[in-house]
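One letter stands for each residue in the lines below.
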Amino acid sequence: MSNNRSGVFIGGVMLGATIGALTGLLMAPRTGRETRKLLKKSADALPDLAEDLSTSVQIQADRLGANALRNWDETLDRLREAIAAGIDASQRENQAMKRKNSPDAQTTATQTVADSDSLPEHVDN
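Criteria and thresholds
- Residues numbered from 1 in each chain as written.
- Predicted model: local features only at pLDDT ≥ 70, side-chain atom pairs only at ≥ 80, totals over all residues.
- Heavy atoms only, no water.
- Helix = DSSP H or I, 4+ residues; strand = E, 2+ residues; numbered from the N terminus.
- Salt bridge = Lys/Arg side-chain N within 4 Å of Asp/Glu carboxyl O.
- Buried < 20%, exposed > 50% of the residue type's maximum accessible area, 1.4 Å probe, protein only.

**Section: the environment of Leu39**
Step number 1: Within the secondary structure, Leu39 is located in helix H2 (residues 32–100).
Step number 2: Each C-alpha atom of the pair Leu39 and Leu22 lies 7.7 Å from the other, and the pair is 17 residues apart in sequence.

**Some remarks on the pattern of salt bridges**
Step number 1: This model, assessed by the stated rule, comprises two salt bridges.
Step number 2: For Lys40, the salt bridge identified is with Asp44, shortest N-O distance 3.6 Å. Of this pair, Lys40 and Asp44 both sit in helix H2, separated by four residues, roughly a single helical turn.
Step number 3: With relative accessibility at 48%, the residue Asp44 sits in the partly exposed group.
Step number 4: Here Asp77 ties to Arg80 by a salt bridge, and the two come within 3.8 Å at their closest N and O atoms. Within this pair, Asp77 and its partner Arg80 are both found in helix H2, separated by three residues, close to a single helical turn.

This is how it looks when you write it as structure tokens:
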């Protein structure tokens, strides 16, 4: 995140310096010939400035892309782990349900119900 901010900051500094230089040139008390000569030099420097800015933006974009890819990979790994844990829990629960519903469990449950039927019931009115 700080890499993104530093790229924006560098771009802002470069743009601000260019605007400041142009404003200073136009407001300076020079003759027209001197000002034109200075403006020509500044205009000749603009392609280099644009190239530097483009390179800076490209570097920042590459960093952001790498960070996004790394975050995606980490998220994908966590998702795979969560799915595997869910499948394991589901299988354990399924096995527990099968054991609970097996014939031995049915016999035990039937005996328990039969035993409870033989107990006297007390009803309070």
